[in-house]
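Understanding the architecture of this molecule
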Amino acid sequence: MRHLLFLVIVFCGYFGFSQKGETPKKYVLDASQFYGSILLHNPDISHLITAHPGGIILGFNRKRFGHEDWEASLGYPDTGFSFVYQDMNNPTLGKNFGLYAHYNFYFLRRNLQFRIGQGVAYNTNPYDKAENFRNNAYGSHLLSSTMVMFNYHKENLLAGLGFKAGISLIHYSNANFKAPNTSTNTMALNFGLTYDLDGGEVYEFQEPRPQEKIIEPIRYNFVLRGGVNESDVINSGQYGFWILSAYADKRLGNKSALQLGTDVFFSNFLKELIRFQSTSFPEMDVDPDTDFKRVGVFVGHELFINKMSVVAQLGYYVYYPFDFEGQVYNRVGLKRYFGDKLFGAVTLKSHGAKAEAVEFGIGIRL
C-alpha cells in the first residue's frame, strides 16, 4: 500500500493544477493495486496457472459536464487513459505493461463506476521455441488488451482525495498476429485512491439541451480492411490479408444505426494452412486446390459517441469452401469519423471467443 500512496503523492505534485475557462476542464487521477487469478478459459493454459498475478492500475481522467451534446446523452462519462503494470507471478508468462484509452460510465447516482478500456500491452517473455516453449498464451511481445473495471467510487472526500474499490478483468491476446495465441484473462480485486487536481472544486452538470432528431435515408458504406495474421500452427508464417466490405445502414435516431451487408475475405494464411493440412494430414482429406477465399453476410449495430462509434456485427459465410472455425463469425471494434463521409476503423474479427485477426480499415459512407 505504501507504493500506491507514493505514486499518488508524486502524481499530485506533478499534475497539481487546474484549468478554467468557458468550458471547464477538470482532471482526476486514480491509482489502484490489484490482486487476482488467471481464469481457466482454455485447458491448454492450465500449466501456466501457478500463482496469483498482481499489479497497479493508474488512470488519468477528464470529467465531462455536458458542454457537448453527446456527454449528457450518455450520463456525463469521463474520458481518459490508463496504464497497467501486471506481474503474472509466473516466470514463463513474465510481466505485462499496458496503455489504454478508456471511458468511465456512471450509475447509481454516480457511486458505481464502469470503466472500459482498449489498448496495447508489452509482454516481457513471449513464446520462444528454444527458450520459452511453455508459454503458449503469448506468441509476441506486443499484445492487444482489454480492461474492464466495476468500482464503488467516491471522489473528493477530503481535500480532493477519494477512494475506489471493486473488481477488474484484464484480457491479453495478440489476435492471432503470431502463434501461439491462447491468451489470458485475469479477474482481480482492486482498491485505490483518487485525487482531484483542482482540489475538489465543484462544477455543475449542464442540463441536456433539446436535440433535433437525426433522420437520414439509408446510407451505403464501402470499407477496405487489412492486416497480418497467422494460423494456430506455430511457425507456419505470418501473411497479409485484406477484406472488402459493403453494407447499408439506417439511423434509428441520434445514438445508433442498424447495418446489413457483405464481406469478401482474402485471407492468405488459409493458403498455407490448406497446403499444410493436405500434405501433412492426408486423413483430413483436404484438397490442395481448395479455394482460400470466403464470402459472408452480416447484420450489425453502430453506437455513436461524438465522432467515435462502437461497432458490433454478426456474420455467416455463404461461400465457405474450407472449414476454418465454423461458418458464424463476429466483429467488434471502433470507428472514427473524419467529416461526414470518411472514417477509419479498428476491429477484431473472431469466431465466438476465438480471434482470427485485428483489422485496420478505411471507408466511406455515402
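Quick caveat: nothing in here was measured; it's all calculated off a predicted structure.

1. Side note on the pairing of strand E2 (residues 54-62)
With eight of its nine residues buried, E2 lies for the most part within the structure. As paired elements, strand E1 (residues 27-38) and E2 share nine bridges and run antiparallel to each other. In the strand pairing of E2, leucine 29 is matched with phenylalanine 60.

2. Topic: the packing of aromatic side chains
Here the structure, examined in full by the defined rule, presents 20 aromatic pairs. Ring plane angle 85 degrees and centroid distance 5.4 Å describe the contact between phenylalanine 265 and tyrosine 329, whose orientation is recorded as edge-to-face. With a gap of 64 residues between them, phenylalanine 265 in strand E11 (residues 256-267) and tyrosine 329 in strand E14 (residues 328-338) connect regions that are remote in the sequence. Note on accessibility: phenylalanine 265 and tyrosine 329 belong to one class, buried. Each ring, one from phenylalanine 269 and one from phenylalanine 324, has its centre 5.3 Å from the other, and the planes form 70 degrees; the classification is edge-to-face. Placement of phenylalanine 269 in helix H3 (residues 269-280) and of phenylalanine 324 in the loop between strand E13 (308-319) and E14 is noted, with a sequence separation of 55 residues between them.

3. A short note on the environment of histidine 52
Relative to the assigned elements, histidine 52 resides in the loop between E1 and E2. Overall, histidine 52 belongs to the partly exposed group, its relative accessible area being 39%. Considering only alpha carbons, one finds histidine 52 and histidine 301, 249 residues apart in sequence, at a separation of 38 Å. In contact with histidine 52, not counting residues within four places along its chain, are Tyr35, Gly36, Ser37 and Asn89. A distance of 3.0 Å separates the side chain of histidine 52 from the backbone oxygen of glycine 36, its partner in a polar contact.

4. A word on the domain arrangement of the chain
The domains assigned to the chain are domain 1 (27-196) and domain 2 (219-365). Measuring from the centre of the C-alpha atoms in domain 1 to the corresponding centre in domain 2 gives 26 Å. Interface of domain 1 and domain 2: buried area, both sides summed, is about 1400 Å²; carbon and sulfur atoms make up 57% of it. Seen at the junction of domain 1 and domain 2, the total is five residue pairs in polar contact (both at pLDDT 80 or more).

5. Side note on the pattern of salt bridges
Per the stated rule, a full pass over the model turns up 19 salt bridges. Put simply, lysine 63 and glutamate 155 hold a salt bridge, and the shortest N to O gap is 2.9 Å. On the criterion of sequence distance, the pair formed by lysine 63 in the loop between E2 and helix H2 (69-73) and glutamate 155 in strand E6 (residues 142-158) is long-range, its members being 92 residues apart. Its relative accessible area of 24% is what places glutamate 155 among the partly exposed residues. Across the salt bridge formed by arginine 64 and glutamate 68, the nearest N and O atoms sit 3.9 Å from each other.

6. Regarding the pairing of strand E9 (residues 219-229)
Consecutive residues of a regular strand have side chains that alternate between opposite faces of the sheet. Relative to strand E10 (residues 239-251), E9 runs antiparallel, the two being bridged by eleven bridges. Within the sheet, the bridge partner assigned to glycine 227 lies in E10 and is phenylalanine 241. Across six bridges, E9 lies against strand E16 (residues 354-365) in antiparallel orientation. Looking at the pairing, phenylalanine 222 lines up with isoleucine 364 of E16.

7. Brief notes about the sheet that holds strand E15 (residues 342-351)
Spatially, the eight strands close up into a barrel ordered E9-E10-E11-E12-E13-E14-E15-E16, and their pairing is antiparallel. Averaged over all pairs of adjacent strands, the angle between their axes in this sheet comes to 25 degrees, without regard to strand direction. Strands E9, E10, E11, strand E12 (294-305) and E16 of the sheet are contacted by H3, whose axis makes an angle of about 50 degrees with E11.

8. Some remarks on the sheet that holds strand E3 (residues 78-87)
Paired through their backbone hydrogen bonds, the strands of a sheet run either parallel or antiparallel. Taking strand neighbours around the barrel as the criterion, the eight strands line up as E1-E2-E3-E4-E5-E6-E7-E8 in a closed arrangement whose pairing is antiparallel. The sheet shows a mean angle of 25 degrees between the axes of neighbouring strands, taken without regard to direction.

9. Some points on the confidence of the model for the chain
Per-chain confidence: the chain averages 91 in pLDDT, with 94% of residues scoring 70 or above. In the model of the chain, helix H1 (residues 2-15) stands out as the element of lowest mean pLDDT, 41, in contrast to E2, which has the highest, 98. Segment residues 1-21: pLDDT under 50, and 31 contacts once partners within four positions in sequence are set aside and those in other chains are kept.

10. Structural notes on the nonpolar core
Counting residues in each nonpolar core, the largest one holds 18 residues, and the members touching the most others are Val84, Leu93, Tyr138, Met147, Ile170 and Tyr172. Discounting residues that sit within four places of it in the chain, tyrosine 172 has contacts with Val84, Gln86, Asn96, Tyr100, Ala121, Tyr138, Leu143, Ser144, Ser145, Ser183 and Thr184. By size, the runner-up hydrophobic cluster in this structure holds 14 residues, among which are Ile243, Ala257, Tyr317 and Phe343.

Conventions and cut-offs
Residues numbered from 1 in each chain as written. Predicted model: local features only at pLDDT ≥ 70, side-chain atom pairs only at ≥ 80, totals over all residues. Heavy atoms only, no water. Buried < 20%, exposed > 50% of the residue type's maximum accessible area, 1.4 Å probe, protein only. Helix = DSSP H or I, 4+ residues; strand = E, 2+ residues; numbered from the N terminus. Pairing = 2+ DSSP bridges. Phe/Tyr/Trp six-rings, centres within 6.5 Å; stacked < 30°, edge-to-face > 60°. Contact = heavy atoms within 4.5 Å. Polar contact = N/O pair within 3.5 Å; in protein donor to acceptor, adjacent residues only side chain to side chain. Domains from an automatic or database assignment. Buried area = accessible area lost by both parts, 1.4 Å probe. Salt bridge = Lys/Arg side-chain N within 4 Å of Asp/Glu carboxyl O. Axes fitted to C-alpha atoms, helices over the stretch in contact; angles between N-to-C directions. pLDDT = per-residue confidence, 0-100. Core = buried A, V, L, I, M, F, W, Y, C linked by side-chain atoms within 4.5 Å.

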